[in-house]
Amino acid sequence: MTKIGLEIHCQLTNLESKLFCTCKANYREFEINENICPICMGLPGSLPRLNQEAVKKATIIAMALNCTTPDKIAFFRKNYFYPDLPKNFQITQLNIYGDTSIGGTGSVTIGDKEIRIRRIQLEEDPGRLIYEGSSSKNLITLVDYNRAGTPLVEIVTEPDFESPKQVREFVNILSDLLENLGVSDPGLDGAMRADANVSIEGGKKVEIKNIDSFHDLEKAVHFEITRQESLHSRDIQIIQETRHWDEKRKITVSSRSKEEDLDYRYFLEGDIPWIIIDPEMHKELKSKMPESISSKKERYISQFDIPAQVADVLSSDKFYSDLFEESHTKDNAKEIANIITTDLMGLVDTREKREESKITATHLKDLSDSIQSGKISRNSAKNALYEIVKTGNDLSQVISKLDLGNVSDESELSEIIQKVISEESQAVKEAKSNPQTINYLVGKVMQKTKGKADPKLTLDLLKKQIG
Ligand SMILES: [Zn+2]
């Protein structure tokens with residue numbers, strides 16, 4: 001039997017500052033080694049000051065994953081020497097004095113499988129190593145400390161996964177959940193990383209480190225299972241070790257024998273006292289929890305009669321569900337859900353396109369109103385949407401610029417209908433006895449108007465003129 005456990009590292013990207021100093025949490029916008037100070041560089045005499053917002057955001061994650069939330073938390077020093085760690089220790093959390101990390105045990109359900117969470121801890125991210133050349137043959141290694149001290153939440157699961165597929169489903173659900181909570185932007189480069197431990201047939205546990213994207217996690221786990229199965233089938237013993245994921249070659253490579261907790265000489269961080277969490281803070285956070293993805297989905301289905309599959313896609317992505325929430329009314333909800341899932345998602349299908357997109361909730365509202373009132377056709381709405389995403393212009397401007405408006409002027413439309421009636425005398429005759437044929441005539445009017453005839457008005461006028 002295969003057992004897989006995960007340690008997910010998630011940066012709290014939506015915070016203003018780092019975990020223990022006032023440097024920016026958004027280190028990505030800085031030149032190398034410009035987002036640093038004596039605290040995050042661990043210079044002698046500097047003292048850490050805990051970012052309260054980080055405690056709140058991490059607690060929200062713990063609550064969303066159904067974890068217990070201790071009323072007293074502690075920080076520990078994890079000692080090790082590595083160039084990306086300027087202090088030679090990382091401030092993190094550990095549960096040796098009972099549950100003192102930000103979140104205790106919890107669980108997440110994927111389908112009918114329950115994945116238990118062992119704990120959630122708040123810690124600081126190390127700096128970033130930049131290798132010149134491939135990681136196996138480095139000529140030069142450079143260090144950028146801009147990331148050092150960035151707030152990181154580590155989510156540790158029990159070894160409850162049995163396949164790479166379950167791992168992938170879990171991280172997909174988790175990254176949607178974190179985005180929905182407004183604590184992290186999982187799409188940012190390096191915002192989500194993972195370690196995985198894998199064992200087969202009750203054998204020794206192998207830990208895979210440095211999986212820098214969720215995309216590679218499933219591949220890394222899959223590779224490691226295959227490697228162990230191959231050894232097992234040849235009666236070669238699997239040794240307990242740490243391997244790292246080589247993202248270029250897509251294989252795991254033995255890096256060093258596994259360190260035990262003892263090797264890290266954990267001890268309480270003397271510069272940060274035990275933090276007593278005010279129960280009022282827990283209460284307040286709980287009351288302000290954003291609506292969960294599953295409850296949003298249920299609501300879209302029951303309140304607006306949106307098909308389950310559409311509701312699923314719409315609710316699981318914060319960018320789209322926020323747009324939907326801001327633009328919909330009871331009457332246009334279905335139409336807007338339709339515009340978002342069938343047209344908009346195709347137009348802004350990458351992170352860059354989303355960021356460049358000029359679409360607002362008002363645009364969506366105007367679009368659905370115009371479709372429903374017959375001002376423009378669905379087909380024209382699609383063209384208008386393309387222009388709006390690009391330019392951000394008002395719908396009315398776009399309609400007149402691209403001449404997308406429906407022909408809804410009665411006399412203009414009557415003229416066109418007269419023409420169709422004279423050209424299609426056979427069909428007109430049939431239409432009197434067979435109402436289905438009238439749709440054919442509507443189609444002819446649409447052809448003449450390049451799809452811009454107001455469909456409702458066309459039908460009414462046709463019926464009247466045929467008599
Ligand atoms: Zn700093």
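## Looking at the environment of Leu181
Argument step 1. Considering the arrangement of structural elements, one finds Leu181 in helix α2 (residues 164-181).
Argument step 2. Along the sequence, Leu181 and Ile293 sit 112 residues apart, while their C-alpha atoms lie 9.5 Å from each other.
Argument step 3. Contacts of Leu181, omitting those with residues within four sequence positions, involve Ile60, Ile61, Ala64, Met289 and Pro290.

## Some remarks on the packing of aromatic side chains
Argument step 1. Counting across every chain of the model gives nine aromatic pairs.
Argument step 2. Plain terms: the ring middles of Phe76 and Tyr97 are 6.0 Å apart, the flat faces sit at 35° to each other, and that makes the pair tilted. Highlighted residues: Phe76 in strand β3 (residues 76-79) and Tyr97 in the loop between β4 (89-92) and β5 (106-110), separated in sequence by 21 residues.
Argument step 3. Taken together, the aromatic side chains of Phe76, Tyr97 and Trp274 make up a single cluster linked through ring pairs.
Argument step 4. Positioned above the aromatic ring of Phe89, the side-chain terminus of Arg77 is 4.0 Å from the ring centre.
Argument step 5. In this arrangement the basic side chain of Lys78 is found over the ring face of Tyr264, its NZ or CZ atom lying 4.4 Å from the centre.

## Overview of the packing of helix α7 (residues 318-327) against helix α10 (residues 361-372)
Argument step 1. At a closest axis distance of 8 Å, the pairing of α7 and α10 adopts a crossing angle of 60°. Between α7 and α10, the interaxial angle falls into the category oblique. The crossing of α7 and α10 is right-handed. In this structure, α7 uses Leu323, Glu326 and Ser327 to contact α10, whose residues at the interface are Ala361, Leu364 and Lys365.
Argument step 2. Of the residues in the contact of α7 with α10, the class split is three nonpolar, one polar and two charged.

## A few points about a negative patch on the surface
Argument step 1. Taken together, the side chains of Asp409, Glu410, Glu412 and Glu415 define an acidic patch exposed on the protein surface.
Argument step 2. The residue Glu415 is located in helix α13 (residues 410-423) in this model.
Argument step 3. Owing to a relative accessible area of 63%, Glu415 belongs among the exposed residues under this scheme.

## Section: the nonpolar core
Argument step 1. Core analysis: the biggest nonpolar cluster contains 61 residues, and Leu6, Ile61, Leu65, Ile120 and Phe170 have the highest contact counts within it.
Argument step 2. Setting aside residues no more than four positions away along its own chain, Leu6 makes contact with Ile155, Val156, Thr157, Phe161, Val167, Phe170, Val171, Asp195, Ala196 and Leu217.
Argument step 3. If you look at the next biggest cluster of nonpolar residues, it comprises 30 residues, including Phe304, Tyr320, Ile339 and Leu367.

## Structural notes on the coordination of the zinc ion
Argument step 1. Within the first shell, the zinc ion binds the protein through Cys21 (SG), Cys23 (SG), Cys37 (SG) and Cys40 (SG), at distances of 2.3 to 2.4 Å.
Argument step 2. Note that the zinc ion binds four donor atoms; their angles at the metal cover 102 to 113°, and the shape is tetrahedral.

Parameters at a glance
- Residues numbered from 1 in each chain as written.
- Predicted model: local features only at pLDDT ≥ 70, side-chain atom pairs only at ≥ 80, totals over all residues.
- Heavy atoms only, no water.
- Helix = DSSP H or I, 4+ residues; strand = E, 2+ residues; numbered from the N terminus.
- Contact = heavy atoms within 4.5 Å.
- Phe/Tyr/Trp six-rings, centres within 6.5 Å; stacked < 30°, edge-to-face > 60°.
- Lys NZ or Arg CZ within 6 Å of the ring centre and 35° of its normal.
- Axes fitted to C-alpha atoms, helices over the stretch in contact; angles between N-to-C directions.
- Parallel < 35°, antiparallel > 145°, perpendicular 65-115°, else oblique.
- Left-handed = near helix turned anticlockwise from the far one by under 90°.
- Nonpolar A, V, L, I, M, F, W, Y, C, P; charged D, E, K, R; others polar.
- Patch = residues over 30% accessible without salt bridge, like charges linked within 9 Å, V, L, I, M, F, W, Y side chains within 5 Å.
- Areas by Shrake-Rupley, 256 points an atom, 1.4 Å probe, with all protein chains shown as cover.
- Salt bridge = Lys/Arg side-chain N within 4 Å of Asp/Glu carboxyl O.
- Lys, Arg positive; Asp, Glu negative; His and termini not counted.
- Charge placed at Lys NZ, Arg CZ, Asp CG, Glu CD.
- Buried < 20%, exposed > 50% of the residue type's maximum accessible area, 1.4 Å probe, protein only.
- Core = buried A, V, L, I, M, F, W, Y, C linked by side-chain atoms within 4.5 Å.
- Donors = N, O, S within 2.8 Å, 3.2 Å for Na, K, Ca; no water.
- Tetrahedral: all angles 85-135°; square planar, octahedral: opposite > 155°, others 65-115°.

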